[in-house]
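Structural description and commentary
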Amino acid sequence: MAHWLIKSEPSVFSWDDQVKAGAKGTHWDGVKNHTAKLNLMAMKQGDQVFFYHSNEGLEVVGIVEVIKEHYPWTEAGPPWVLVDFKAVKPLPKPVSLAAVKAEPKLAKMALVTSFRLSVQPVTDEEWALVCKMGGL
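These remarks concern the structure in this document. (Residues numbered from 1 in each chain as written. Predicted model: local features only at pLDDT ≥ 70, side-chain atom pairs only at ≥ 80, totals over all residues. Heavy atoms only, no water.)

1. Things to note about the pairing of strand β1 (residues 3–8)
This is how it is decided: The classification of residues rests on relative accessible area computed with a 1.4 Å probe and restricted to protein chains. Under 20% of the type maximum is buried, over 50% is exposed, and intermediate values are partly exposed. A run of DSSP states H or I qualifies as a helix once it reaches four residues; a run of E qualifies as a strand once it reaches two. Both are numbered from the N-terminal end. DSSP bridges decide pairing: two strands pair if at least two such bridges lie between them.
Taking burial as the measure, the 6 residues of β1 include 6 buried ones, the bulk of the element. What you see with β1 is no split at all: His3, Leu5 and Lys7 on one side and Trp4, Ile6 and Ser8 on the other are buried throughout. The pairing of β1 with strand β3 (residues 48–53) spans 6 bridges and is parallel. By the bridge assignment, Leu5 is partnered in β3 with Phe50. Here β1 runs beside strand β6 (residues 119–122); their pairing, made up of 4 bridges, is antiparallel. Following the sheet pairing, Ile6 is matched in β6 by Val119.

2. A short note on the side chain of Lys37
Quick reminder of the rule: None of His or the chain ends enter the tally, which takes Lys and Arg as positive and Asp and Glu as negative. By definition, a salt bridge exists where a carboxyl oxygen of Asp or Glu is found within 4 Å of a side-chain nitrogen of Lys or Arg.
Relative to the assigned elements, Lys37 resides in helix α2 (residues 34–42). An unpaired buried charge is present at Lys37: no salt bridge exists, and Glu69, the closest side chain of opposite charge, is 16 Å distant.

3. Let's talk about the packing of aromatic side chains
For clarity, the threshold we go by: Each pair of aromatic rings taken from Phe, Tyr and Trp, with Trp reduced to its six-membered ring, is defined by centres within 6.5 Å and is described as stacked if the planes are under 30 degrees apart, edge-to-face if over 60, and tilted in the remaining cases. Lysine and arginine charges are scored as sitting over a ring when NZ or CZ, respectively, is within 6 Å of the ring centre and within 35 degrees of the ring normal.
One pass over the full model with this rule turns up 6 aromatic pairs. Note on Trp28 and Phe85: the rings are 5.9 Å apart at their centroids and 85 degrees apart in plane angle, and the pair reads as edge-to-face. In this pair, Trp28 is assigned in strand β2 (residues 26–28) and Phe85 in strand β5 (residues 81–96), connecting sequence segments 57 residues apart. Here the two residues Trp28 and Phe85 agree in accessibility, since each one is buried. An aromatic cluster of at least three residues, connected via ring pairs, comprises Phe13, Trp15, Trp28, Phe51 and Phe85. Just above the ring of Trp73 sits the side chain of Lys32; from NZ or CZ to the centre is 5.6 Å. A cation over a ring is seen here: Lys37 above Trp80, with NZ or CZ 6.0 Å from the ring centre.

The structure is reproduced here in structure tokens:
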């Protein structure tokens, strides 16, 4: 299983919105960056993903799971894709970008090095450390 991080502005689509989608989940749209698209295409059903509030909040707030692998985003047209996610659980203590940047073991995390990328890979070590920082 791989780990990932997806970003969303809470005023557009928040963790609460993801939770409200329930077990049926919802698609992830709005990604029009080729690197982010390739990351979406690499996701597999069951992969665990950090849900990050960008621009407002700047923190990892929860974990979602891939429930449907990439498929065409018909409204945007080729080559863009969608992936469906469902909420798994919130982090008991959201992990801020400042806390990630302050942790030397996370200096190479994409959240620090590629901060504008909306869909990012997360290593197993980074995943474990952010989960620990978040109270899991």
